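Tertiary structure, described
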Amino acid sequence: MDSGSAANPVRVRLAPSPTGTLHIGTARTAVFNWLFARRHGGKFLLRIEDTDKERSNPAFTANILEGLQWLGLDWDAEPVIQSARIAEHRSAIQQLLDSGHAYRCFATEAELTAMREQQAALKQAPRYDNRHRNLSLAQQQEYSAAGRQATIRFCIDDQRSITWSDLVRGEMRWAGADLGGDMVIARRAAADQIGDPLYNLVVVVDDAAMAISHVIRGEDHIANTAKQLLLYEALNLAIPKFAHTPLILNQEGKKLSKRDGVTSVADFQAMGYTAAALANYMTLLGWSAPEGMGERFTLNQAAAVFDFDRVNKAGARFDWDKLNWLNGQVLHELGSEQLEQQLQPLWQAANFAIEQKTLAWRLKLCNLLGPSLTLLADGVEQAKPFFVQPELTPEALSQLQIPNAISGLQALLALIPDHPIDSSSAQQLINQACEAAGIKKGLLMKSLRAALLGRLQGPDLIETWLLLNSSGDDRLRLQRCWL
Ligand code: GLU
């Protein structure tokens with residue numbers, strides 16, 4: 001494993017558990033880690049925390065890596081696979097047993113439940129009462145012989161006050177007595193074995209082995225940090241700096257959860273958000289850009305100025321309007337080639353016969369639609385009447401039923417030449433048709449839009465007509481109005 005060099009001390013990591021798809025909270029943590037690493041020319045590393053065998057799934061690992069890649073969060077070394085490091089984890093536990101910092105606890109589930117019920121009845125906070133901290137060897141053997149399963153617990157001194165200087169939250173203080181009693185660091189530890197090492201222990205062992213300089217993670221890990229600091233001490237390991245980032249909240253101000261529907265990066269992708277907009281938006285979830293920078297920026301621009309001083313302590317409320325605005329900005333900045341590339345797969349999925357149109361035609365369509373898009377998916381909905389002969393909306397139908405609307409369109413059709421038209425001839429043809437049919441220009445224009453697109457809203461009418469004219473679709477659509 002690459003364990004760092006003295007030359008650049010900044011080494012950060014994202015440590016996702018592959019028990020689900022890439023969650024927006026994890027992705028935001030990834031963004032902050034990436035920005036900090038890039039700001040300082042350090043390393044952004046990944047560690048896949050797959051020690052929970054039952055819940056971990058390689059398909060989730062793949063989804064997480066794909067999501068990070070899609071967002072542009074490149075990492076600097078092969079991801080560390082936590083389960084491959086179990087020997088190191090066990091040896092650290094052995095060290096804690098040997099130094100008297102840890103012990104085997106033989107309390108059964110039933111005993112622990114009874115203990116918690118008693119605490120609840122007395123209105124006390126649930127905690128392990130350290131009942132097996134000082135078992136004699138004979139007692140241990142007795143429990144073992146009786147077939148009891150052991151856990152290994154790490155001693156937590158209730159009198160301890162744990163402090164650290166958090167890069168986001170400032171001076172932090174946690175009482176040892178509030179950590180719930182001696183903590184389990186390994187499960188299923190038969191008398192002579194170490195069993196399955198657990199989260200707080202393995203994170204400390206791995207962060208130290210990876211020479212992580214700054215642990216940047218969500219504030220839901222604050223209590224873990226207090227526990228982990230005690231483990232660093234007991235194992236005599238160098239302690240990293242900590243930055244706890246604010247939670248992401250839903251519209252009601254509660255922690256964003258699965259119940260809020262869209263929470264995984266793939267969901268946002270499927271809804272038509274671009275990676276650039278989502279990454280930009282996540283940067284703003286808890287960080288405010290320096291004055292004058294505005295809110296639309298690239299990850300690299302943010303990395304040039306990223307600092308924890310501008311990370312808020314308060315939770316960050318998810319703001320769909322801002323995300324939509326950013327997504328619109330990103331789409332408007334795209335050239336027609338890039339937009340066409342992004343829309344092509346969506347058009348194909350919608351069964352539009354894109355191969356019947358030339359690339360030049362599709363690029364013109366992108367130019368036409370680009371300025372009005374908020375989501376990529378809008379580029380499917382708005383492109384539809386260009387690819388597919390549209391159904392008339394009720395409003396479009398009423399428009400065409402206005403007296404003389406059809407005769408105006410008939411006059412226009414009669415004037416359309418065989419060769420493609422340009423913008424000024426299109427204007428002229430409209431004027432001539434109005435004269436010939438004796439109708440107002442407004443009526444003809446609105447009816448033309450209804451005939452061409454089947455609806456009354458859409459992009460610039462003349463450009464719309466020119467595009468449909470260039471593919472010969474305008475005549476068919478006009479004729480259809482009175483056939
Ligand atoms: N696997 C942990 C999680 O996904 C990592 C927490 C940490 O960064 O230490 O929450």
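Residues numbered from 1 in each chain as written. Predicted model: local features only at pLDDT ≥ 70, side-chain atom pairs only at ≥ 80, totals over all residues. Heavy atoms only, no water.

With that out of the way, let us pick up the overall build of the protein chain. The number of helices and strands found in the protein chain is 21 helices and 13 strands. Its C-alpha atoms give the protein chain a radius of gyration of 32 Å, clearly above 23 Å, the size a compact globule of 483 residues would have. The principal-axis extents of the C-alpha atoms in the protein chain amount to approximately 110 × 50 × 40 Å. Looking at the 483 residues of the protein chain, the share that counts as buried comes to 48%. When contacts within the protein chain are restricted to residue pairs at least 6 apart in sequence, those whose partners lie at least 24 apart make up 75%. Only carbon and sulfur atoms are counted for the fraction: they give 50% of the accessible area of the protein chain, which is about 22900 Å². (Helix = DSSP H or I, 4+ residues; strand = E, 2+ residues; numbered from the N terminus. Rg over C-alpha atoms; globule rule 2.2 N^0.38 Å. Buried < 20%, exposed > 50% of the residue type's maximum accessible area, 1.4 Å probe, protein only. Contact = heavy atoms within 4.5 Å. Areas by Shrake-Rupley, 256 points an atom, 1.4 Å probe, with all protein chains shown as cover.)

Most often, soluble globular proteins keep nonpolar side chains buried together rather than apart. Judged by nonpolar contacts, the single largest core of 50 residues is most densely connected at Leu35, Phe44, Leu73 and Phe318. Contributing elements (two or more residues each) for this core: β1 (11-14), α1 (24-39), β2 (43-48), α2 (58-71), α8 (265-270), α9 (275-284), α10 (299-303) and α11 (320-333). Counting residues per element, this core draws most heavily on α1, at nine residues. Excluding its chain neighbours within four sequence positions, the residues that come into contact with Leu73 are Ala27, Ala30, Val31, Trp34, Phe44, Leu68 and Leu299. (Core = buried A, V, L, I, M, F, W, Y, C linked by side-chain atoms within 4.5 Å.)

Moving on: the side chain of Asp50. Mapped onto the fold, Asp50 is located in the loop between β2 and α2. Despite its burial, Asp50 remains without a salt bridge, the nearest opposite charge being carried by Lys53 at 4.3 Å. Discounting residues that sit within four places of it in the chain, Asp50 has contacts with Pro18, Ser56, Ile81, Gln82 and Ser83. (Lys, Arg positive; Asp, Glu negative; His and termini not counted. Salt bridge = Lys/Arg side-chain N within 4 Å of Asp/Glu carboxyl O.)

Okay, the sheet that holds β2 next. The strands that make up a sheet pair up through hydrogen bonds in the backbone, lying either parallel or antiparallel. Spatial ordering of the open sheet is given by β1-β2-β3, a layout of three strands whose pairing is parallel. The open sheet has two free edges, formed respectively by β1 and β3 (80-81), since each of these has just one partner strand. Alignment of β1 against β2, held across four bridges, turns out to be parallel. Paired with Val12 across the strands is Phe44, a residue of β2. (Pairing = 2+ DSSP bridges.)

Close contact between helix α18 (residues 423-437) and helix α19 (residues 441-453) brings their axes to 9 Å; oriented N to C, the two are set at 120 degrees. If you check the angle between α18 and α19, you find them oblique. Crossing geometry of α18 relative to α19 is assigned as right-handed. Across from Gln427, Ile430, Asn431, Ala433 and Cys434 in α18, the residues of α19 making contact are Lys441, Leu444, Met445 and Leu448. Of the residues that constitute the contact of α18 with α19, the class distribution is six nonpolar, two polar and one charged. (Axes fitted to C-alpha atoms, helices over the stretch in contact; angles between N-to-C directions. Parallel < 35°, antiparallel > 145°, perpendicular 65-115°, else oblique. Left-handed = near helix turned anticlockwise from the far one by under 90°. Nonpolar A, V, L, I, M, F, W, Y, C, P; charged D, E, K, R; others polar.)

Under the defined criterion, the tally for this structure stands at 15 aromatic pairs. On the basis of an interplanar angle of 70 degrees and a centroid distance of 5.1 Å, the ring pair of Tyr281 and Phe318 is categorised as edge-to-face. With Tyr281 in helix α9 and Phe318 in the loop between β13 (316-317) and α11, this pair connects stretches of sequence that are 37 residues apart. The class for Tyr281 is buried, based on a relative accessible area of 2%. Members of the aromatic cluster, joined through ring pairs, are Phe32, Phe36, Trp287, Phe297, Phe306 and Phe308. The aromatic ring of Phe32 is capped on one face by Arg28, whose charged end is 5.1 Å from the ring centroid. (Phe/Tyr/Trp six-rings, centres within 6.5 Å; stacked < 30°, edge-to-face > 60°. Lys NZ or Arg CZ within 6 Å of the ring centre and 35° of its normal.)

On to the environment of Lys441, then. Along the polypeptide, Lys441 turns up in helix α19. In the structure, Lys441 is positioned 315 residues away from Pro126 in sequence and 78 Å away in space, judged by C-alpha atoms. When near neighbours in sequence (up to four residues on either side) are disregarded, Lys441 contacts Gln427, Ile430, Asn431 and Cys434.

Another point: the layout of surface pockets. Over the atoms, a rolling probe the size of a water molecule traces out where space has been left empty. Each pocket or cavity is described by its volume, and for the largest pocket that value is around 970 Å³. Residue lining of the largest pocket: 33 residues in total, with His23, Gly25, Thr26, Asp220 and His221 positioned closest to the centre. Sorting the residues of the lining of the largest pocket by element identifies β1, α1, α6 (199-209) and β10 (214-218) as the ones contributing at least two each. Looking at the lining of the largest pocket, the element that brings in the most residues is α1, giving four residues. (1 Å grid on protein atoms, 1.4 Å probe; cavity = no way out; pocket = protein on both sides within 12 Å on 5 of 7 lines; lining within 4 Å. Points joined across faces, edges and corners; volume = space filled by probe spheres on them.)

Below, the discussion takes up the state of the cysteines. Summed over the entire model, instances satisfying the criterion amount to zero disulfides. Cys155 carries a free sulfur, and the closest cysteine sulfur to it, the one in Cys105, is 11 Å from it. The cysteine Cys481 is free of any disulfide, with Cys434 supplying the nearest cysteine sulfur at 15 Å. Using a relative accessible area of 18% as the deciding quantity, one classes Cys481 as buried. (Disulfide = S-S within 2.5 Å.)

A word on the site of the ligand. What surrounds the ligand is the set Arg13, Ala15, Ser17, Glu49, Tyr199, Arg217 and His221. One nitrogen or oxygen atom from the side chain of Ser17 is found 2.8 Å from a nitrogen atom belonging to the ligand. Here an oxygen atom of the ligand and a side-chain polar atom of Tyr199 are 2.8 Å apart. In the complex, the protein chains occlude 80% of the 300 Å² of accessible area that the ligand would expose alone. (Near = heavy atom within 4 Å. Polar contact = N/O pair within 3.5 Å; in protein donor to acceptor, adjacent residues only side chain to side chain.)

In this section: the pattern of salt bridges. Considering all chains together, one arrives at 22 salt bridges under this definition. Arg55 is paired through a salt bridge with Asp52; the nearest N and O atoms lie 3.4 Å apart. By relative accessible area, which is 29% here, Asp52 ends up partly exposed. The closest approach of N and O atoms between Asp182 and Arg133, which form a salt bridge, is 2.9 Å. In this pair, Asp182 sits in the loop between β7 (170-175) and β8 (183-187) while Arg133 sits in the loop between α4 (109-121) and α5 (137-145), placing the two residues 49 residues apart along the sequence. Taking relative accessible area as the criterion, Asp182 reaches 1% and is therefore assigned buried.

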